[in-house]
Amino acid sequence: MLEAYEVDLNRHLAKIDREESREQAIESRMEQSMGVGEAYHPCDPLNFIEALEEGNRALLKTALELLESGDFATGGQLLHQIANDHWAAIARTDAEADVDGDCDRCFGKGCRRCDPEEPDPFFD
Ligand SMILES: [Zn+2]
């Protein structure tokens with residue numbers, strides 16, 4: 001028979017596992033949706049233009065100053081950063097909504113709760 005503190009500890013550990021699984025699922029979806037040819041790819045030309053319009057203005061100003069001063073490497077890096085940050089934020093919001101709509105036990109990986117045919121990684 002488990003002591004009360006063991007029950008609490010197990011509950012706490014299960015919660016940490018769920019949070020880690022959720023974060024992993026979110027990051028994996030972000031990586032997917034930001035890949036080459038995908039909807040949120042930062043270096044898709046139209047996405048890049050949108051990021052310059054809607055992204056971090058202070059960073060854009062700095063990037064342009066760097067380009068004007070002839071530091072094309074750092075300026076270019078910053079432009080890339082602006083696009084990446086902008087699309088990562090959108091991809092994260094999207095991924096979070098997706099993941100939170102999934103089974104809160106396996107976050108879309110598949111388990112007996114969401115599909116009785118699935119092998120269950122939590123028990124098998
Ligand atoms: Zn599931």
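What you see is a predicted model; the values in this text were computed from it and never measured.

**So, the overall build of the protein chain**
Point 1. Each helix and strand in the protein chain was counted, giving 4 helices and 0 strands.
Point 2. Relative to its length of 124 residues, the protein chain is extended, with a C-alpha radius of gyration of 21 Å against a globular reference of 14 Å.
Point 3. A burial count over the protein chain gives 17% of its 124 residues as buried.
Point 4. A separation of at least 24 residues holds for 51% of the contacts in the protein chain among residues at least 6 apart in sequence.

**Section: the environment of Ala63**
Point 1. In this fold, Ala63 is placed in helix 3 (residues 57–68).
Point 2. Given 22 C-beta atoms within a 10 Å radius, Ala63 is considered buried.
Point 3. When the C-alpha positions of Ala63 and His12 are compared, they lie 45 Å apart, and in sequence the two are 51 residues distant.
Point 4. The contact partners of Ala63, leaving out residues within four places of it in the chain, are Gly75, Leu78, Leu79 and Ile82.

**Here's the deal with unusual backbone geometry**
Point 1. Unlike most non-glycine residues, Phe107 shows phi in positive territory, near 50°.
Point 2. Topologically, Phe107 is positioned in the segment after helix 4 (72–101).

**Side note on helix 4**
Point 1. Between the first and last C-alpha of helix 4 there are 43 Å, a value that for 30 residues agrees with the 44 Å anticipated at 1.5 Å per step.
Point 2. Along helix 4, the residues classified as buried are Leu78, Leu79, Ile82, Ala83, His86, Trp87, Ala91, Ala95 and Val99.
Point 3. Those residues of helix 4 that are buried lie in contact with helix 1 (4–33), helix 2 (45–54) and helix 3.

**Some details on the nonpolar core**
Point 1. With 17 residues, the main nonpolar core has Ile82, Trp87 and Ala91 as its most contacted residues.
Point 2. Mapped onto this core, the elements with two or more residues apiece are helix 1 and helix 4.
Point 3. Tallying contributions element by element places helix 4 first for this core, with 8 residues.
Point 4. Filtering out sequence-adjacent residues up to four positions away, Ile82 remains in contact with Ala51, Leu52, Gly55, Asn56, Leu59, Leu60 and Ala63.

Thresholds, definitions, all that
Residues numbered from 1 in each chain as written. Predicted model: local features only at pLDDT ≥ 70, side-chain atom pairs only at ≥ 80, totals over all residues. Helix = DSSP H or I, 4+ residues; strand = E, 2+ residues; numbered from the N terminus. Rg over C-alpha atoms; globule rule 2.2 N^0.38 Å. Buried ≥ 20, exposed ≤ 12 C-beta atoms within 10 Å, placed from the backbone. Contact = placed C-beta atoms within 7 Å. Expected span 1.5 Å × (residues − 1). Core = buried A, V, L, I, M, F, W, Y, C linked by C-beta atoms within 7 Å.

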